[in-house]
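# Fold and contact review
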Amino acid sequence: MKYITTRSSYGQSKAETKGFQDVLLTGLASDGGLYIPAELPQFSKEAIRQLRGLPYNELAFTIIKPFAGGEIDDTTLKQLIDDSYSTTTGFEQSSFSHRAVAPLHQIGSNEWIMELFHGPTLAFKDFALQLLGRLLNHVLTERGEKAIVLGATSGDTGSAAIEGCRHSDALDIFILHPYQRVSEVQRRQMTSVLADNVNNIAIKGNFDDCQAMVKQSFADQSFLPDNTRLVAVNSINWARIMAQVVYYFHAALLLGAPDREVAFSVPTGNFGDIFAGYIARGMGLPVGKLVVATNQNDILHRFFKDNDYRKQPLEHSLSPSMDIMVSSNFERLLLDMLGRDGNRLAQLMETFQSTGKLQVPEANWLEIKNLFESCRTDDADTCSTIAQLHRETGYLADPHTAIGVRALQELNLDPRMPKVVLATAHPVKFPDAVEKAGLQSPSLPPHMSDLLQREERYSVLENDLPELQAFIRQQTRHA
Ligand SMILES: Cc1ncc(COP(=O)(O)O)c(C=O)c1O
Ligand SMILES: N[C@@H](CCOP(=O)(O)O)C(=O)O
C-alpha cells in the first residue's frame with residue numbers, strides 16, 4: 001500500500017509516495033497536502049457478504065489490514081485492534097462499554113442511530129484514537145524513537161487522544177483547545193489527566209486558530225527540539241480516517257449490505273467522519289447517500305448547496321465540537337472532484353488561502369452531488385429535535401447527533417433505503433443543549449462520576465504561534 005499526497009499529481013512518476021508507518025508518524029505532507037492511499041483496497045460483493053456476522057474487532061482487522069500494507073505483522077496488528085475494541089459490560093477506562101461496540105438503535109421505520117459513544121471518552125473519536133495511540137506506541141517503541149503529539153480540539157478529539165496516548169512512554173502529547181469554548185465535561189475530561197506526558201493548552205481563540213497553529217507547526221518544524229518527531233492526532237492523520245471506515249461497514253452489513261444500499265447522515269465539522277464513509281464506498285460498500293449535517297458553521301452545507309465554499313466568522317453554538325470553519329478533510333474530497341489532479345488542487349488551496357473562498361467546476365460539483373446531500377441546523381432546531389425525538393421515541397440524543405437526525409427529517413431521501421445517523425457523542429457531555437431542550441441531563445457514567453471534583457491542570461496561552469512553540473519546547477520530556 002502506497003500513500004500519495006493530495007497536492008502531488010496522481011500517477012506522476014516523481015510523485016512523493018510513503019508507506020503506512022511513515023504516514024502514521026506524521027501530519028501534513030511536506031507539500032502542505034494530506035496523505036491518501038494511491039489506490040483503495042477493493043471488496044467485491046462476495047467479499048463483503050463474507051464479512052456478515054463478524055465481531056467488531058475481526059471486521060476491523062479485515063478492513064484495516066490492507067491499509068497497513070504489511071508494515072505491521074498480522075499478529076501484532078490483530079492484537080492492537082483487539083485491545084482497542086475490547087468490551088466490558090459497564091463503562092470502564094480504555095474499553096468499550098457495549099458488547100456490540102457500535103450498536104444500532106432503531107428510531108423510525110427505516111431510520112437508525114449508530115451509537116459511537118460507548119468508548120472511554122464517550123465520543124466517536126475513541127474508535128480511531130484508541131487504535132492510533134496503540135499503533136504509535138508500537139511503531140515508535142520498535143524503532144526506539146519518541147515523538148511529540150500535537151493536536152487541536154473543539155472538545156472531543158482532545159480527550160480521546162489523551163486517553164489513547166497517556167500510557168505511552170514514547171509520546172509527549174500537547175492538545176490545544178479554544179479557551180472557554182468547550183463544554184465543562186469536555187474540558188475536565190482533558191485537564192484532569194495529570195500524567196507527566198500530557199499537556200493541555202487553552203488558546204485564547206477559536207478552534208480554527210488552534211487548528212491553524214497545528215498546521216503551521218507541521219509546515220515548519222524548526223521549533224522542535226533536536227531529534228524529535230511531530231505526529232498528528234487530528235484527522236489530517238490518515239490512520240484516523242482508516243479506523244473510522246470500519247463502522248460504516250459494520251452498520252451497512254447489519255442493514256443488508258452488500259445487497260442493499262444504505263444512507264448515512266453524519267454530523268460534520270472537519271469532514272473526517274463523513275470522508276471515512278466516502279472511502280468505505282470507494283472500497284465497494286453500497287453507500288447510497290452521504291448527508292453532510294452541519295450546525296450554523298455551515299461552510300460545507302453552503303458548498304454542497306451552492307458550490308460556494310467561503311469562510312465566514314465562526315459562531316459559538318450548542319454543538320461546540322462542530323464549531324469549525326475550515327474543514328481539513330474537505331481537501332481530500334476536492335482532490336477526487338478535480339480528477340485527482342494534485343497540481344490543480346494545490347492552486348485551488350492557494351486561492352482559498354488568499355481569498356477565503358473557492359468553487360469547483362460546475363460539472364464536477366454536480367457529479368459529487370449525486371452522492372452528497374447537506375442540511376444546516378441552528379441551535380433552536382437542534383434543541384427542538386432533541387425534545388421531539390425524546391417525546392416520540394424516548395431516545396435522548398446529544399446536540400451533534402440531533403443535527404444528523406434533523407437532516408434526515410428535512411431531506412427527502414428514498415424511503416426504501418435504510419438510513420443511519422451517526423451518534424457522535426453521549427448527551428452527558430453537553431448538558432446545556434439537553435437542558436435547553438427541556439430535558440434532564442443524564443448522570444456521568446461510573447468511571448467519570450467524580451469528574452467535576454477532579455483536580456485540573458492546564459495552561460492558558462495567547463493565540464500566538466511563537467509563544468506556543470516555546471511552550472512545547474520547554475515542556476517536552478524527550479528534549
Ligand atoms: C461530537 C462530534 N460530532 C461531530 C463532529 C464532526 O466530525 P468531523 O470533524 O469528523 O466532521 C465532531 C468533531 O469532529 C464531534 O466531536
Ligand atoms: N470536533 C473535533 C475537532 C477536531 O477534528 P478532528 O476529527 O480532525 O480531530 C474535536 O472534537 O476536537
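Up top is the structure.
Counting of residues starts from 1 at the beginning of each chain's written sequence and follows it residue by residue. To read the labels, note that chains go from A and ligands from 1, taken in the order they are written. Per-residue local features are limited, in this predicted model, to residues with pLDDT of at least 70; the limit for side-chain atom pairs, both in listing and counting, is 80 or more; totals at the level of whole chains, interfaces and linings are taken over all residues. Side-chain numbers here rest on the full set of heavy atoms in the structure, without hydrogens or water.

## Some thoughts on the sheet that holds strand S10 (residues 262-267)
Strand pairing is assigned whenever DSSP identifies at least 2 bridges connecting the two strands. Strands here are runs of E lasting at least two residues and helices are runs of H or I lasting at least four, both read from the DSSP assignment and numbered beginning at the N terminus. Read from one edge of the open sheet, six strands run S4-S5-S15-S10-S11-S14, paired in mixed fashion. Pairing within the sheet leaves two strands with one partner each, and these edge strands are strand S4 (104-106) and strand S14 (372-376). Taken over all neighbouring pairs, the strand axes of this sheet differ in orientation by 25° on average, direction set aside. Examined bridge by bridge, strand S5 (residues 111-115) and strand S15 (residues 419-423) share five bridges and lie parallel to one another. Of the residues in S15, the one forming a bridge with Glu111 is Lys419. Note on contacts: a residue pair is in contact if any heavy atoms of the two residues lie within 4.5 Å. Working convention: axes come from line fits to C-alpha atoms, limited for helices to the stretch in contact. Angles between N-to-C directions cover 0 to 180 degrees. Seen against the sheet, helix H16 (residues 399-410) touches S5, S10, strand S11 (287-294), S14 and S15 and runs at an angle of roughly 160° to S15.

## Some points on the packing of aromatic side chains
Under the pairing criterion, centres of Phe, Tyr and Trp rings, with the six-membered ring standing for Trp, must be within 6.5 Å; the plane angle then separates stacked pairs below 30 degrees from edge-to-face pairs above 60, leaving the rest tilted. Applying the stated rule across the entire model yields 24 aromatic pairs. Centre to centre, the rings of Tyr56 and Tyr85 are 5.2 Å apart; their planes meet at 65°, and the pair counts as edge-to-face. Taken together, the positions of Tyr56 in helix H3 (residues 56-68) and Tyr85 in the loop between helix H4 (74-84) and S4 put the pair 29 residues apart, joining distant regions of the chain. Each residue is assigned to one of three classes by its accessible area relative to the maximum for its type, calculated with a 1.4 Å probe on protein chains only: buried under 20%, partly exposed between the two thresholds, exposed over 50%. Look at Tyr56 and you get buried, because its relative accessible area is 5%. Note on Tyr85: relative accessible area 3%, which makes it buried. Arranged with centres 6.3 Å apart and planes meeting at 85°, the rings of Phe303 and Tyr309 form a pair that is edge-to-face. No difference in accessibility class separates Phe303 from Tyr309, as the two residues are buried.

## Structural notes on empty space enclosed by the protein
Cavities and pockets were defined on a 1 Å grid built over protein atoms only: a cavity is a set of grid points that admits a 1.4 Å probe from which the probe cannot escape, a pocket is an open set flanked by protein on both sides within 12 Å along at least five of seven lines, and lining residues are those with an atom within 4 Å of any such point. Grid points are joined across faces, edges and corners, and a volume is the space filled by probe spheres set on the points. Under the defined criterion, the tally for this structure stands at one cavity of 30 Å³ or more. Considered as a void within the structure, the largest cavity measures approximately 300 Å³ in volume. Those elements giving two or more residues to the lining of the largest cavity turn out to be helix H6 (156-165), helix H9 (238-254) and helix H10 (272-282). Residues that form the lining of the largest cavity fall into these classes: nine nonpolar, 13 polar and four charged. Three categories are distinguished: nonpolar for Ala, Val, Leu, Ile, Met, Phe, Trp, Tyr, Cys and Pro, charged for Asp, Glu, Lys and Arg, and polar for the others, with Gly belonging to the last.

Everything listed here is a matter of geometry and, on its own, says nothing about what the molecule does.
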